[in-house]
Amino acid sequence: MKRYMFLLLAALIAVCQGVNAQSLTATGTVVDSSHEPLIGATVKVVGQQGAGAITDHRGQFSLTTTQGATLEVSYIGYVTRQVKAGKGLRIILSEDANMLDETVIVGVGYGTMRKSDLTGAIASVSAKDMKQGVITSTEQLLQGKVAGLSIVQSSGAPEAGASIRLRGGTSLSASNGPLVVIDGIPGVDINAVQPHEIVSMDILKDASAAAIYGSRGANGVIIITTNRQGGDSEQNTMQYNGYVAFATAAKKLDLLSANQWRGYVRERGVMTANDYGAADDYQDALLRTAISHAHNFSFSHAKKTSGYRASITYQNNQGVIERSNMNRLAGSLTAYQTGWQGRLRMDEGINANFDSWHPVDSRIFERMTNVNPTFPVHNPDGSFAQQPGVNTENPVELNTNRSDDQKRHRFLAYAKAELDIIDGLKYTVNGSYEQNMTNNGLYKPTYARLEGQSMGGWGQRTYGNYTNKQLETYLTFDKQLAELHRLNLMAGYSYLNNVYDGFGAQRSGFDTDKFLYNNLAAGTDFKQGDVYSYKGEATLISFFGRANYTYADKYMATATIRRDGSSRFGDNHKWGVFPSVSLAWRITNEPFMAATKGWLDNLKLRAGFGITGNQDGIGEYKSLPTIGIAGITKNADGTWKNTYAQNQNPNPDLKWEETAQWNIGLDFSMFNHLHGSLELYLKKTSDLLWTYPVPQPPYPFGTMLANVGDMENKGFELTLGYNAIRTNDLTLDVNASLSYNHQEITKLSNDQYEAVGLQAGSLHGLAGMSNMYAQTIREGYPAGTFWGPRCRGIDADGHYIIDKGPNDEGYYLGSAQPKWNVGLSISGAYKDFDFSVAGYGMFGQKILNATRMVLFDPNRFPAENVLDDAMTSGITEAPVYSDYFIENGSFFRLQSLTLGYTLPKPERLGLSRLRFYVTGENLLCLTGYKGLDPEVQIPDNVLSDPGIDKFNSYPRPRTVSVGINIGF
Amino acid sequence: MALVSCTDLNETLYDKLTLDDFKGDKSSVLAESFVNSAYATLRGYGAGTDEGNGVNCYPTCEYVFFTAECASDEACIPTRGSDWYDGGRYQQLQFHTWDAQNDGVTSVWRYNFVGVSKINAVLSQVDQTNIPAAAKTSAEAELRGLRAYYYYNLLDNFGNVPIMKDFNTDKLPANASRTEVYQFVESELLDVIPHLSADVIYGRFTQNVAYTLLARLYLNAEVYTGTPQWQKCLDACDKVKGYSLEGNYKANFFIENEKSNEIIFAIQYDHAQGTVGNYLGSMSYHYNQKYAFSPEGNWQWSGNGICAQPGLYSSFEAGDVRRNCLMIGQQKSAKDGSNVLMDNGEPLNYTEEIENFTNAKQNEGARLDKYEWAVNDQWERDNDWVLMRYAEILMMQAEASFRLGDTSTALNYINRVRARAGIEGLTSLSLDIIDNEWKHEFVFEGLRRTTNIRFGTFYNAWWNKEADDIDHHTGIFPIPQVELEKNPNLKQNPGY
């Protein structure tokens with residue numbers, strides 16, 4: 001309604017002023033809702049034939065018209081607007097939710113499709129919707145943005161990545177990370193390209209979409225596009241983006257301060273307490289306000305026949321723990337050109353990425369809780385003080401003394417050629433080479449309490465190298481047949497070869513700490529195994545094809561098939577076939593829907609079924625009876641000699657994990673303001689890989705990797721977008737996603753392998769809890785289910801009343817997997833200000849707060865530190881694992897809050913864009929969880945033991961960054 | 001990219017071998033290494049290895065040794081606060097209330113059966129190589145001898161275990177009776193002895209080792225089968241040649257104990273060669289023992305665990321050099337001779353007494369101080385682990401002779417052992433006296449449980465232990481629950 005009023009007003013003004021028509025040169029800039037210039041937008045004068053202009057690379061236009069004329073500004077995919085002609089206009093176009101489906105091109109693997117033609121469940125995220133603020137790893141861009149895609153940041157360390165899981169995951173023992181495809185190259189590191197370069201990410205969620213990637217598609221596929229296709233008009237850009245960020249730890253453990261400790265000692269008359277007289281806070285001594293900064297500079301040139309883009313990023317990220325930091329230098333150069341009368345297009349690109357970081361020794365998190373709070377960090381002479389005792393090494397010393405320098409170089413190069421053979425028939429060949437190198441040095445000096453001292457200094461260098469060579473080639477046939485039929489066919493072959501190799505050397509017994517790890521020859525003690533090298537290789541060969549048929553833009557059908565052969569598979573299952581089929585029906589294009597045209601813009605029903613695989617869990621050579629070094633033996637002559645023996649139980653039946661998935665989806669948009677999708681899915685994974693315990697005897701090794709179990713995930717996902725306000729001065733968009741997943745392990749045994757429950761969630765390493773497990777993987781329950789005793793209260797003596805359950809088998813204590821995932825983002829602009837708020841949450845999961853379990857021991861007092869509330873809990877005994885320490889892990893995090901200001905007339909400074917912004921991250925986390933942070937890391941992204949907070953949490957930062965975007 | 005490779009999925013191995021690499025190997029270097037690999041199995045496996053599979057299986061330490069020791073009357077692992085509770089594992093061993101879930105029991109099973117399976121695998125591999133027939137025969141004899149050693153342990157600890165002679169992973173084995181296992185060990189040893197080396201070769205399975213093992217088998221035959229074999233024991237002992245008692249008892253436990261002339265069979269260690277599992281000392285001394293051992297206080301970490309049961313220390317005569325295997329009293333700083341303190345400020349003064357087994361003080365219990373330590377010890381120690389030494393032959397001869405009624409011969413043997421220990425000879429004997437001598441001579445050598453059982457004292461009440469059930473089912477351990485679950489053909493031992 002507001003919009004109509006506005007138009008009416010504009011028209012009125014136009015009429016009034018039309019009386020005394022004078023010539024006017026109307027100028028202005030057309031931008032999108034995030035103030036990015038729209039290049040190539042059409043500006044026409046209403047009622048004046050032939051008068052019009054196209055915006056240039058700065059989004060600017062200039063045309064001659066009369067005073068009071070009305071301009072109509074249009075751009076494909078955006079809502080057309082009319083404004084009064086004037087000088088220096090700034091015209092904001094908002095996206096047309098309805099139109100987008102027709103115009104948005106979605107990567108589907110080995111080609112693209114119009115969003116409106118899709119039959120599978122594919123979510124697309126464009127750059128402007130991705131996470132704001134500090135990005136240290138590319139997957140963070142998607143956190144909270146896609147329904148069904150759960151991303152957990154593994155820790156607050158600057159070098160930490162995140163684990164990604166789609167629709168509950170499909171594997172107990174292998175990574176649940178999706179396959180990443182960057183510019184058509186599958187299986188590459190998601191960090192191979194700079195976040196700035198990413199134009200869009202398409203997430204293939206269901207099997208009918210992902211099956212084109214066969215044995216690697218079961219966890220979904222993220223298709224990342226950085227290619228920028230040139231249009232009819234020439235575009236040149238030059239940009240600088242930079243920020244400075246300030247971060248502090250969002251939360252600290254509530255340990256006793258020195259004064260609280262003294263208070264309890266006095267109050268309780270503790271005779272054995274040793275007051276060392278200091279009041280240093282060990283957490284404070286380790287924490288700092290971290291200052292990070294990042295700079296990105298890029299320029300590009302694009303037109304239809306050629307283009308290039310160059311970009312370079314430097315990032316210096318400090319962690320909130322002293323000394324923890326990561327530096328990144330990343331650069332990319334991409335170019336394309338057409339030739340042979342436009343029939344041939346070549347794309348080439350190089351991405352290089354150099355990371356170096358200093359990780360913290362994670363043992364500091366436990367040590368800082370063990371130290372008596374009155375013990376000083378430093379001796380009067382400035383050296384580190386050392387409290388006697390076990391596991392009480394000064395955490396500040398531990399954090400300071402060692403030199404742990406890690407470097408990673410990523411390199412990705414590709415060349416791609418596309419040839420139009422005849423009309424509609426295209427041949428593509430894509431060759432790529434990826435290399436990831438790690439190069440680390442570690443030195444523990446002679447005075448280091450842990451390890452270094454007893455070994456007289458210990459130095460290590462390690463080098464690892466991973467290469468990924470691929471050749472993919474395919475034919476595409478895309479043709480509109482007659483008026484109503486559209487056919488798209490694709491068939492191809494792919495060859496992939498991975499090689500990993502590396503070596504390392506370590507030595508101890510140094511006379512001086514001066515060399516660090518730079519002169520290992522100076523070490524005097526040398527042990528067997530101190531030098532080593534390794535190498536392995538895997539090959540994956542595939543044939544694949546896809547047929548897509550659309551009739552009258554109403555009925556669509558897609559079928560895909562892929563045949564994958566992997567060297568990792570056992571002899572009995574070298575090749576697997578992965579088919580899929582899906583259908584879609586665009587209901588709103590039916591004649592009988594004419595009545596709803598007024599409000600229902602689009603309604604599309606989709607249904608699909610497909611089979612995908614996951615081969616991540618199979619290491620190289622796992623199916624073979626390999627023979628390796630089997631210990632060393634002393635010969636009769638007194639010399640030691642290596643021995644060789646079989647080193648694993650071979651399994652010639654080893655194969656991929658297979659997931660069959662049904663998906664029903666509904667896309668809708670209505671009132672031109674509200675759009676969304678609803679997805680329902682059922683995933684059945686079979687042949688789950690697990691390292692099964694096998695009987696000893698007859699097996700020499702206690703385990704064997706085998707495909708045995710089954711698992712089911714079902715759920716729904718709802719994505720909603722609401723363009724709440726669209727006026728010239730104010731826009732407001734709300735995007736929300738909601739997903740629910742229910743997981744159940746349906747089978748763990750077969751004729752050959754039997755498991756009643758697989759032990760998971762190890763508590764090993766906690767005092768008095770060696771070889772104990774908190775979780776059991778059991779049929780009928782999700783992975784990550786806590787099992788154990790219930791605490792029925794605390795008795796008069798302060799002991800836990802432990803109920804071990806029937807037959808001492810424990811009780812079901814809940815699952816660590818969230819039932820609900822929620823994402824919410826609100827963005828908008830008012831005049832020259834823009835803002836966005838984004839948050840995400842997970843609900844229904846349990847966390848074992850093992851950190852609290854250990855620290856909730858009143859007997860630690862007074863020798864060691866203890867949680868404040870443990871002192872008053874009335875409990876007198878050492879902690880026992882029970883549901884007493886299992887907490888509700890639900891949370892909602894205010895992920896980021898950004899406020900930006902764009903200079904209204906940047907051209908006055910000769911610029912095309914100048915924007916300043918402030919972003920706050922992790923400003924608020926709503927949760928009842930008592931630990932440091934409810935987002936507990938998922939080691940290796942496997943399903944086997946999530947949800948255990950065990951002194952492994954690098955504190956999550958709260959960050960405020962100030963940044964600038966300049967377009968030259 | 002050549003088109004020929006376009007569907008080639010063969011795996012190329014770069015840092016591993018396959019059996020094909022051993023075929024046609026005339027030099028037999030690799031084939032010999034197969035046999036040698038069986039000796040490497042003696043050192044056991046860590047919990048993190050595929051063999052240990054979650055349970056430490058070190059014969060020197062956690063938990064194979066711990067289990068043997070804690071079930072006997074000489075050692076225990078008291079619970080000290082929350083330390084060393086570990087799910088009640090060690091309390092069960094102390095109270096003789098172990099169940100099939102006890103990791104210590106699992107460890108003993110796993111250590112020995114992994115050894116058996118690995119040797120069976122090696123036997124089948126050696127068979128497929130092309131080494132000369134004579135070399136093959138002697139290799140097989142050595143391997144079968146080592147397998148018999150593992151089977152002797154299984155016979156002693158579990159009794160009714162499956163007999164596995166072939167490397168066949170398709171069939172799940174079923175239990176054999178204890179008598180059958182006894183007969184298997186006996187016949188295997190008798191079978192291979194002619195093909196074993198008659199020389200004294202340190203650390204290898206020779207005829208001497210086979211005879212010592214045979215003597216051990218016969219010494220305990222009554223426990224295993226109901227029929228005593230004292231004479232056979234004596235006969236086997238007589239075959240052991242080439243060894244003598246070391247003048248210094250402790251020389252058997254030196255870092256360089258491979259020089260001992262007394263050791264018949266040992267597991268060899270050298271940390272520089274990457275051997276693992278040998279860190280018993282660190283499992284016994286108090287955390288702050290490092291200040292007594294090294295002026296800088298940088299001796300290896302130690303964990304304040306296993307110690308002697310009260311009464312053991314005082315059962316030794318004062319002049320008995322073997323009493324030094326127990327560490328007791330105030331520890332003095334290696335730097336300045338001052339008293340080493342515990343973290344609570346109290347002096348580190350090891351006491352014989354342990355007031356409360358389930359919540360012991362840090363300094364309670366005499367410590368195991370048998371194997372030599374050095375200031376520059378690494379975590380992995382270099383002392384070889386003694387499995388058999390000549391004193392055991394003498395003690396077996398003494399006991400078997402006495403049991404056969406020949407007290408004077410028995411006295412002759414036992415007094416040789418006592419003389420070396422620096423204590424006076426005996427003039428009369430009883431089973432109790434012999435039992436006591438076994439206890440002192442082999443203190444903390446892992447033999448005590450077997451000896452307790454042979455003398456029947458195993459089932460009696462002792463310090464912090466009530467008398468065992470009348471059915472004496474505790475004389476063998478239960479078959480580990482994890483194995484029963486994986487193999488339906490296995491039957492649990494009676495009484496569990």
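Residues numbered from 1 in each chain as written. Chains lettered and ligands numbered in written order. Predicted model: local features only at pLDDT ≥ 70, side-chain atom pairs only at ≥ 80, totals over all residues. Heavy atoms only, no water.

A. Region of the structure containing the overall build of chain B. For chain B, the helix and strand inventory stands at 17 helices and eight strands. Over its C-alpha trace chain B gives a radius of gyration of 23 Å, about what one expects of a compact globule, namely 23 Å for 496 residues. C-alpha extents for chain B along the principal axes are approximately 80 × 60 × 45 Å. A burial count over chain B gives 62% of its 496 residues as buried. Here the analysis covers contacts within chain B between residues at least 6 apart in sequence; of these, 67% occur between residues at least 24 apart. (Helix = DSSP H or I, 4+ residues; strand = E, 2+ residues; numbered from the N terminus. Rg over C-alpha atoms; globule rule 2.2 N^0.38 Å. Buried < 20%, exposed > 50% of the residue type's maximum accessible area, 1.4 Å probe, protein only. Contact = heavy atoms within 4.5 Å.)

B. Geometry of the interface of chain A and chain B. Listed per partner, the contact involves 66 residues of chain A and 71 residues of chain B. Residue glutamate 258 of chain B pairs with lysine 634 of chain A through a salt bridge whose shortest N-O separation is 3.9 Å. Mapped onto the side of chain A that touches chain B, the elements with two or more residues apiece are α8 (452-455), β25 (485-508), β26 (531-551), β27 (555-566), β30 (627-634) and β31 (640-646) of chain A. Tallied by class, the residues present in the side of chain A that touches chain B amount to 32 nonpolar, 24 polar and 10 charged. (Salt bridge = Lys/Arg side-chain N within 4 Å of Asp/Glu carboxyl O. Nonpolar A, V, L, I, M, F, W, Y, C, P; charged D, E, K, R; others polar.)

C. Spatial organisation of helix α5 (residues 133-157) of chain B. Here α5 of chain B spans 36 Å end to end across 25 residues, near enough to the 36 Å set by a 1.5 Å rise per residue. Where burial is concerned, most of α5 of chain B is hidden: 18 out of the 25 residues are buried. (Expected span 1.5 Å × (residues − 1).)

D. Representation of helix α1 (residues 29-40) of chain B in the model. Over its 12 residues, α1 of chain B extends 16 Å from the first C-alpha to the last, a length consistent with the 16 Å expected when each residue adds 1.5 Å. A large share of α1 of chain B lies buried, amounting to nine of its 12 residues. On the buried face of α1 of chain B, the contacting elements are β30 and β31 of chain A together with α4 (103-128), α5 and β2 (263-267) of chain B.

E. Region of interest: the nonpolar core. Among the nonpolar cores identified, the biggest contains 137 residues, and Phe66, Tyr151, Phe205 and Leu326 of chain B are the most heavily contacted of them. Residues Leu253, Met871, Phe885 and Ile948 of chain A belong to the second largest nonpolar core, which totals 54 residues. (Core = buried A, V, L, I, M, F, W, Y, C linked by side-chain atoms within 4.5 Å.)

F. Structural view of unusual backbone geometry. Residue and element names in this part refer to chain A. A cis amide bond, omega 10°, links proline 697 with the succeeding residue proline 698. Counting through the fold element by element, proline 698 comes out in the loop between β33 (674-693) and β34 (703-726). The omega torsion of the bond from phenylalanine 861 to proline 862 falls at 5°, within 30 degrees of zero and hence cis. On the secondary structure map, proline 862 appears in the loop between α9 (850-855) and α10 (868-871). Phi at leucine 516 is positive, roughly 50°, even though this residue is not glycine.

G. Quick peek at the sheet that holds strand β3 (residues 52-54) of chain A. All names here are of chain A. Reading across from one edge, β3-β2-β5-β6 is the order of the four strands in this open sheet, with antiparallel pairing throughout. Edge positions in the sheet fall to β3 and β6 (81-84), since each has one partner strand and no second. Strand-to-strand, the axes of this sheet are offset by a mean angle of 20°, without reference to chain direction. Judged from the four bridges that link them, strand β5 (residues 70-74) and β6 form a sheet pairing that is antiparallel. Bridge pairing links glutamate 72 to glutamine 82 in β6. (Pairing = 2+ DSSP bridges. Axes fitted to C-alpha atoms, helices over the stretch in contact; angles between N-to-C directions.)

H. Local environment of the pairing of β33 of chain A. All names here are of chain A. As defined by bridge partners, strand β32 (residues 657-670) adjoins β33 across 13 bridges and the pair is classed as antiparallel. Bridge pairing links glutamine 661 to lysine 683 in β33. In the sheet, β33 pairs with β34 via 18 bridges, with the strands oriented antiparallel. Note on β34: the bridge partner recorded for tyrosine 692 is methionine 704.

Purely geometric numbers; function is a separate question.
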